[in-house]
Amino acid sequence: MNSRSAAPIPPRNGPLLEFDALRYRYDDGTAGLDGCSLSVQSGSRNALIGANGSGKTTLFLHANGLLRPEAGEVRYAGTPLDYRRAGLRAARTHIGIVFQNPEHQLFSANVREDVSFGPLNLGLDTATVSARVDAALAAVGMQTLAERPVHNLSFGQKKRVAIAGVLAMQPRVLLLDEPMAGLDARMQDDLLALLERLHHDGMTILLATHDIDFAYRWADQIHLMAAGRCTATLATASLAEHADALAAAGLRLPDVIHVQRALVAHGVLPASAPAATCLSDLLARLERLRSNAPSTASV
Amino acid sequence: MLIEQAAYANRWRTVTPGAKALFAGCGLVAAFLAAATPWQAAAVTTCLALVTLVGAGIAPRLYLRVAAPALGFLAIGCLSLTYSLNFDSDSGGLSLAASASGRTQALETGARALTALAALLFLVLSTPLSDLIALLRRLQMPEILLDIMVLCYRTLFVFSAALRDIHTAQAARLGYAAPRLALRSSALLLAGLVGQIWQRAHALHLAAEARNGDGPLRFLAPPFRHARRDTTIAALAGLALIALAASARIAARWHPA
């Protein structure tokens, strides 16, 4: 279930969203981005990892023209972003952003109304909007709370409504800023399952996180951010070989890699065993090993 | 919060807000018609309160708690209309006097305000504000006013949560342990909230833009079944209220003293 190889990968057609040498400085003089370049492949799962203040949120705000770079360009499907009204409208239709704090995103009185805000802005008719709202709420498991006032929801529920509000616009690229922050373990699992379904349906996903273990478990590619620039883009499958790049960004190798190396060193797992993506994946593999060869396997 | 709690949990939550607003509107008309005849006013007020308590199923205790501040203001207003403070130039003392005209004025004003209060309580305790905003949208109220209502309503809860959080954090570090500290903490809380208001307003603006918001805040209006039936019943009930309020005037016209 958690093994990356088990997930169906839709066909890729090259980069869908590209950030090319972006520079941005905030009004108070703080450097937001400093020559940041990053490419997101169509249909792929991407994790953006970096310390606080490394520029992850600033980069997201550039993706659909909420911020305009001082230098460099953003390209969607090979075309530079058009910052005129029609161009921004198109960009925000195709690229959806879920903000870190749902309190900053939800402004309507009740759940259903808030989710309808985006699709209504697309100029869709009421029946289509209603259908999209129902589908988006069902996708995040909030259909039973559709008529509830937003302020009576828990943080996790608000987060789900925020995601539904973006899903209802049916974007091709979904950007999530720290989606796991503030969620309990069960909600994190639910969100992970939702992300898998979206990926299965062909959506391109880029999420910002601090959690290297989660990124290793879920993503196809990991982009490292530090001091306003993307310092490396690593294929998750080969992450174990890039401990130096991770260390340079102040990150460690995922725990599961260390555990698997220890198990190989102790002869419990063969060196040729495929890399596990998370500890539960590794445990399941060990269980299978024990049941297949109970007399020889030592777990 | 009490109003919110009742509005979302009452028996008539799914009744179309148009019907409830129509009935409340009739209640307001009845309040003006019945003001001069206290018994009629009392009867209309009782009807409105009973409809709210029995029909919509609002708990009497909650009803009284919501009405209490308004009733308090009303009582003070009526007392000040009834009694006047006079300065006696001979004795040089102050005296409290009640005039007949003041009593009549207080009775009329009190009766009208009480009935109008019962009508408005019926509406707000049985209808969530989001439904009322949707109704006003259908009635072609200017977009800008609706947007302000939506944002004020939402931010009311966001800031009450922020206020509670900051206050708790201050109290946990002895911020309110002494009057002087409490004054200082209150000032810091206020200053902190101003900053938060600015940040959150900017964040909400960004979030609206990210979802293609270009000015007016558009939302899906909730569907209501049996809207026509509910509106007809509300209109008939409202007319009955108006008839009850006007009955004294009609009787006086037909049987002059």
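Just so it is clear, the structure is predicted and the values come from calculations on it, not from any experiment.

1. Examining the side chain of Arg 285 of chain A
Examined against the element boundaries, Arg 285 of chain A turns out to sit in helix H10 (residues 279–292). Residues within four places of Arg 285 of chain A in sequence aside, it is in contact with Gln 260, Ala 273, Pro 274, Ala 275 and Ala 276 of chain A.

2. Focus: the pattern of salt bridges
Residues and elements named next belong to chain A. Counted according to the given criterion, the structure contains 18 salt bridges over all chains. Where Asp 220 meets Arg 45, a salt bridge forms, and the shortest distance between an N and an O atom there is 3.0 Å. Highlighted residues: Asp 220 in the loop between helix H7 (212–218) and strand S9 (221–226) and Arg 45 in strand S3 (residues 45–50), separated in sequence by 175 residues. Residue classification places Asp 220 among the buried residues on the basis of a relative accessible area of 14%.

3. A word on the domain arrangement of chain A
Residues and elements named next belong to chain A. The domain boundaries assigned to chain A delineate domain 1 (15–252) and domain 2 (254–292). For domain 1 and domain 2, the distance between their C-alpha centres works out to 32 Å. Contacts between the two partners involve seven residues from domain 1, matched on the other side by nine residues from domain 2. A buried area of about 720 Å², summed over both sides, lies between domain 1 and domain 2, and 59% of it is on carbon and sulfur atoms. Three residues stand out in domain 1 for area buried against domain 2, namely Tyr 216, Arg 217 and Arg 252, and they jointly supply 65% of the buried area on that side. Joining domain 1 to domain 2, the criterion identifies one salt bridge.

4. So, the state of the cysteines
What is meant by a disulfide is a covalent connection between two cysteines, made through their sulfur atoms. If you walk through the whole model with that rule in mind, you get zero disulfides over all chains. Of all cysteine sulfurs, the one in Cys 36 of chain A lies closest to Cys 230 of chain A, which takes part in no disulfide; the gap is 5.7 Å. Free of any disulfide, Cys 26 of chain B has its nearest cysteine sulfur in Cys 47 of chain B, 13 Å distant.

5. Considering the UniProt feature "transmembrane region" (unreviewed entry) in chain B
Summarizing the sequence annotation, UniProt attributes the feature "transmembrane region" (unreviewed entry) to residues 12–33, 66–85, 113–136 and 233–252 of chain B in the numbering used throughout. Its end C-alpha atoms 24 Å apart, residues 113–136 of chain B is made of 92% helix and 0% strand.

6. Here we look at the interface of chain B and chain A
Taken together, the contact pairs 27 residues of chain B with 37 residues of chain A. For the pairing of chain B and chain A, the buried interface totals around 3100 Å² over both sides, and the portion due to carbon and sulfur atoms is 60%. Looking only at chain B, the three residues that lose the most surface to chain A are Arg 154, Arg 211 and Leu 220 of chain B, adding up to 30% of its buried area. Joining chain B to chain A, the criterion identifies one salt bridge. Arg 211 of chain B serves as the salt-bridge partner of Asp 114 of chain A, at 2.8 Å between the closest nitrogen and oxygen. Counting the contacts that link chain B with chain A gives seven residue pairs in polar contact (both at pLDDT 80 or more). Contributions of two or more residues to the side of chain B that touches chain A are made by helix H1 (2–9), helix H7 (143–172) and helix H8 (179–210) of chain B. Sort the elements by how many residues they give to the side of chain B that touches chain A and H8 of chain B lands first, with eight residues.

7. A few points about the domain arrangement of chain B
All names here are of chain B. Partitioning chain B into structural domains gives domain 1 (1–127 + 223–257) and domain 2 (129–222). With 12 residues of domain 1 in contact, the opposing surface of domain 2 contributes 10 residues. Of the roughly 940 Å² buried between domain 1 and domain 2, counting both surfaces, carbon and sulfur atoms make up 60%. Run the count over domain 1 and domain 2 and you get one salt bridge. As a salt-bridge pair, Asp 131 and Arg 13 come within 2.9 Å of each other at their nearest N and O atoms. Secondary-structure elements contributing two or more residues to the side of domain 1 that touches domain 2 are H1 and helix H2 (17–34). For the side of domain 1 that touches domain 2, the leading source of residues is H2, giving three residues.

8. Describing the environment of Cys 26 of chain B
Residue and element names in this part refer to chain B. With respect to the helices and strands, Cys 26 occurs in helix H2. Residue classification places Cys 26 among the buried positions, given a relative accessible area of 11%. Sequence separation between Cys 26 and Leu 239 is 213 residues; the distance between their C-alpha atoms is 6.8 Å. If we skip the residues at most four places from it in the chain, Cys 26 touches Gly 238, Leu 239 and Ile 242.

9. Examining the side chain of Ser 130 of chain B
Here Ser 130 of chain B is to be found in helix H6 (residues 129–138). If we skip the residues at most four places from it in the chain, Ser 130 of chain B touches Ala 109, Asn 110 and Glu 113 of chain A together with Tyr 8 of chain B.

Cut-offs and rules
- Residues numbered from 1 in each chain as written.
- Chains lettered and ligands numbered in written order.
- Predicted model: local features only at pLDDT ≥ 70, side-chain atom pairs only at ≥ 80, totals over all residues.
- Heavy atoms only, no water.
- Helix = DSSP H or I, 4+ residues; strand = E, 2+ residues; numbered from the N terminus.
- Contact = heavy atoms within 4.5 Å.
- Salt bridge = Lys/Arg side-chain N within 4 Å of Asp/Glu carboxyl O.
- Buried < 20%, exposed > 50% of the residue type's maximum accessible area, 1.4 Å probe, protein only.
- Domains from an automatic or database assignment.
- Buried area = accessible area lost by both parts, 1.4 Å probe.
- Disulfide = S-S within 2.5 Å.
- UniProt positions renumbered as here; feature names shortened; annotations may be inferred.
- Polar contact = N/O pair within 3.5 Å; in protein donor to acceptor, adjacent residues only side chain to side chain.

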